[in-house]
Structures are given as C-alpha cells and as structure tokens.
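Per-entry structural report
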Amino acid sequence: MYKIGFDAKRLFLNGTGLGNYSRSLVRSLKEFYPENNYVLFSPKVSYNDESFYYTQGFETVTPGLFSSKSIWRTKLILNSLLENEIDIYHGLSHELPVGIEKTTIKSVVTIHDLIYKLFPADFPLIDKTIYDLKWKNSCTKADAIIATSEATKQDIIANFNIDPKKIHVVYQTCSDIFDKHYSDKEKSDAIENIGLPKQFMLYVGAITDRKNVLSLVEAYNAIKDKIELPLLIVGKGRSYFRKIAAYIEKNNLQDRIIIRSDIGNDYLPIVYQCAEVFLYPSRYEGFGIPILEAFKSGTPVILSNTTSLPEVGGSAGYYIDPYKIESISQAMLDLHENQNLRNHLIAEGFEQVKKFTLENFAKQTIEVYNNLM
C-alpha cells in the first residue's frame, strides 16, 4: 500500500479540462485500487455538489492560516508532504514543488501539452516565461513523467531534451455523464428548455485561434446554402471570439450560427446527442477529450489530422486538414449528405471509446507508480 499525494488545485477549482482530468484520475484510482491511501493537497477547497465526493471520501490538506497559498504550492507544501509521510507525489498539471527531488518522496508530473511553445501568440510573455521555468524544472526533476498522448511525449522530448524512457503515455478518459442515452422526448424537452433547435452541427471547446473556430465558421459559410442545419458553437472566448462575431455579422450569419457559453454539464450530453455531427478542427491538442464525449454520445466526428487527434480518433474519425477551409467544408457536406457514413462512424466511435476507460486510465497510472517503488 502506498500513500499517494496529489496536487488537487485543479480538481477543486477548475470546472473544465485540467479539473476533469484530475477528478477522473483520482476517482478511478480510488475505485480500482482502494488499497492505497490518497491525499489531496490544494491551496483552497471548494464545497459544492461536484466536489462533495472528494471532500467526503479523501483526506485533504490545505495551507496553514498564515501561509501564502501561491508560495505553499510551489515550495512550502514540501513540509506538508513530509509530515503526511507521502510515498509518491503526483503533480496533475505540469508542476512539482521546488526541491522535491532532494527528499525521499518519489515524484510524478503530468504534462498535458506544450501549447505555449507551439502557439506563443496565445499567451502573454510573463506566462510563457513562468511556464518555461516551471514545466522544464518539473520534467527535469520528476522521477517519472506522464504524457497524455504520444504527440505530447514527442513535444516534451523535443523542447526539454528529456530521456524518452522517463516519459509514459497514459491515455485519459471522459466523464461518465456521457454514458447515459436519452429518449427522443427527453432530448426534445431539454433542447426546447434551453432554447436550441432540434438538430445542428456542433463544436464544443474554447473559442481560441488554436482551436481554429474561425476556419470552421468560414467553412460553414462556404456551404451554408447546401446545409439546412445551423452550426452551434458551445464555448467561451475573448479577443478571438470578437473576430468570429464580426465575421458572423459581416456575412449575415446571425440566424445560422449560434454561440452559447451557458450550457452546463446538466445539458451538455443531450446537446451532443442532438447533433448530426461533431466538429473538432483544432490545430493542436495534447489529447482532445470532447472527441471521446462525442463518441460516447453516438455522434459522428470530424476532426483534424494533426498532433494527438488521430491517436484519440483512430478509425472512428473523419479527418480533415485544419489549414484548408475546403477540407472542412467538404467533410461537413460528406457527412450531412450520407446517412450510411454517419452510421458507420457512430458504430466505430462506440468501439474506439472502449479503449479509453476509467479502468485503463487507473491501471496505466498505477503501473507508473509501481515502477517507481
């Protein structure tokens, strides 16, 4: 039995990507390897319906009353790890405490992607500088690194000059809220309740340049006369979002393209199930959890042929070149016009998503821990 500590900041304080990763991993380890003792270290603990499972089922450790939360997470947490006799500490989002390599505690760090290296324009200079220092230090000092895909592993090797033997590819999963399939009436009632049309083409994710959402909008505009369905974009954005809004207005697409940032997890599985096709034209992903969400939902997927996405999509994806508008447009037409093709991809998706289970996620992570001990 090991006593394993986790950097649980994202688990408690992040409702999306890195938070979902943290919650899924900790839950899967507790379910399939309950013999270990799992301790959650966080500068702050949130108390709500989603965190109830973790606050009730795990020991949590937070800074002392007079301890700086930011300094605690990067440095002072070492004292807490030693006091709690932690055997293995897992930094779930790129970071490890400074000096952990000087202790007897074995360390693991998960690197999700190196987006700031490949898309530097999306990040302020100060953020890129901090990431470079923290992430390179974590990769250098960690006893083991978990990469979320083979593509991310290669990025770590290329950018930080890390020994490949130290890096383990462990594929993640997505939330089990997407396992439930709803009746036609349940879907119809829910969609009406949140003010959406009965069917649409769907994108879910951040509205940023890297996600290539403007190209998606341009591709839809090119074929809008051949597709009667609207395009629904679910996500949030800032300056890049304003570019998209301006393009929609300029091309009179207000009645054809719907952008919503207020659809929570209560409705998101139904939204996926009402989509004719799910579109993911991202230029770079460390993994791509929305693809698994769509597969589980029985929705055919159009996705990019870049970085980690073919690893996730396998034979179930309909691949496009994200740098070519006509490639995206043609894929949308192909799937819209061909029910047999959509059915084939749906069946392939149900098979593909079986590779990304909670049990596999936990098993591969435990193997990394066991190798250290």
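First, a word on what this report is: a plain description of the structure on this page. (Residues numbered from 1 in each chain as written. Predicted model: local features only at pLDDT ≥ 70, side-chain atom pairs only at ≥ 80, totals over all residues. Heavy atoms only, no water.)

Brief notes about the overall build of the protein
Stated formally: We count a stretch as a helix when DSSP gives it H or I for four or more residues in a row; a strand needs E for two or more, and each element gets its number in order from the N terminus. As defined in this context, the radius of gyration uses C-alpha atoms, and a globule is described by 2.2 Å times the residue total to the power 0.38. Throughout, exposure labels follow a simple rule: accessible area from a 1.4 Å probe, protein chains only, divided by the maximum for the residue type, with under 20% read as buried, over 50% as exposed, and the rest as partly exposed. Contacts are assigned to residue pairs that have any heavy atoms within 4.5 Å of one another. Under the convention used here, a 1.4 Å probe and the Shrake-Rupley method define accessible areas, while residue burial counts only the protein chains that appear. For the purpose of counting charges, residues Lys and Arg are taken to be positive, whereas Asp and Glu are taken to be negative. His and the chain ends are not included. One atom stands in for each charge, and that atom is NZ of Lys, CZ of Arg, CG of Asp or CD of Glu.
Regarding its fold elements, the protein presents 16 helices and 13 strands. Taking 21 Å as the expected radius of gyration for a compact globule of 373 residues, we find that the protein reaches 21 Å, a close match to that expectation. Along the first, second and third principal axes, the C-alpha atoms of the protein reach 65 × 45 × 40 Å. The buried share of the protein, taken over its 373 residues, is 53%. Expressed as a percentage of contacts within the protein between residues at least 6 apart in sequence, the contacts between residues at least 24 apart total 67%. Split by element, the accessible area of the protein, about 16,900 Å² in all, is 49% carbon and sulfur. The protein carries 42 positive and 45 negative side-chain charges, and their two centres are separated by 5 Å.

Things to note about the packing of aromatic side chains
Using the following cut-off: Only Phe, Tyr and Trp rings take part, Trp by its six-membered ring, and two of them pair if their centres are within 6.5 Å. Stacked means planes under 30 degrees apart, edge-to-face means over 60, and tilted covers everything else. By definition, being over a ring means that NZ of Lys or CZ of Arg is both within 6 Å of the ring centre and within 35 degrees of the ring normal.
All told, the structure shown has 18 aromatic pairs when counted by the stated rule. Relative to W135, the ring of Y131 lies with its centre 4.9 Å away and its plane at 20 degrees, an arrangement referred to as stacked. Here W135 and Y131 lie together in helix α6 (residues 125-141), a separation of four residues that amounts to about one turn. The class of Y131 is partly exposed, set by a relative accessible area of 25%. W135 sits in the buried class, given a relative accessible area of 7%. Here the aromatic cluster, defined as three or more aromatic residues joined through ring pairs, consists of F178, Y203, Y272, F278 and Y280. Taking NZ or CZ as reference, R27 lies 3.9 Å from the ring centre of Y53, over its face. Here the basic side chain of K30 rests over the ring of F58, its NZ or CZ set 4.9 Å away from the ring centre.

A word on the state of the cysteines
As a reminder of what qualifies: Two cysteine sulfurs form a disulfide in these notes if their separation is within 2.5 Å.
This structure, assessed with the given rule, holds zero disulfides. Distance from the sulfur of C174, which forms no disulfide, to the nearest cysteine sulfur (C274) is 17 Å. Overall, the relative accessible area of 4% leaves C174 in the buried class. Judged by its relative accessible area of 8%, C274 falls in the buried class.

Quick notes on the packing of helix α9 (residues 213-222) against helix α10 (residues 239-250)
Heads up, the condition is: Note on geometry: axes are C-alpha line fits, over the in-contact stretch for helices, and angles between N-to-C directions span 0 to 180 degrees. Should an angle fall under 35 degrees it is taken as roughly parallel, and over 145 as roughly antiparallel, whereas 65 to 115 is taken as roughly perpendicular and any remaining angle as oblique. A clockwise turn of the near helix away from the far one marks a right-handed crossing, whereas an anticlockwise turn of less than a right angle marks a left-handed crossing.
Two numbers describe how α9 lies on α10: the axes approach to 10 Å, and their chain directions differ by 10 degrees. Between α9 and α10, the angle is such that the two are roughly parallel. Note that α9 runs across α10; the crossing there is right-handed. The segment α9 lies against α10, with V213, L214, S215, V217, E218 and N221 engaging Y240, I244, Y247 and I248.

Points about the sheet that holds strand β12 (residues 301-304)
Note the following rule: When DSSP locates at least two bridges between a pair of strands, those strands are taken to pair.
Strand order in this open sheet of six strands is β10-β9-β8-β11-β12-β13, and the pairing throughout is parallel. Edge strands, defined here as strands with exactly one partner in the open sheet, are β10 (257-260) and β13 (317-320). Across this sheet, the average inter-strand angle for adjacent strands is 25 degrees, counted without regard to direction. With three bridges joining them, strand β11 (residues 275-280) and β12 adopt parallel strand pairing. Its bridge partner lying in β12, F278 is registered against V301.

Digging into the side chain of S327
Our working definition: Residues adjacent in sequence count toward polar contacts only when both atoms are side-chain atoms; beyond that, a polar contact is any pair of N or O atoms within 3.5 Å, and within protein one must be able to donate a hydrogen and the other to accept it.
Assignment of secondary structure puts S327 in helix α14 (residues 325-337). One polar contact links the side chain of S327 to the main-chain amide nitrogen of D321, over a distance of 3.0 Å. Residues in contact with S327, not counting those within four places in the same chain, are I320 and D321.

A short note on the environment of K198
Assignment of secondary structure puts K198 in the loop between α8 (184-193) and β8 (200-204). For the pair K198 and V271, spaced 73 residues apart in sequence, the C-alpha separation works out to 9.4 Å. Setting aside residues no more than four positions away along its own chain, K198 makes contact with I191 and C274.

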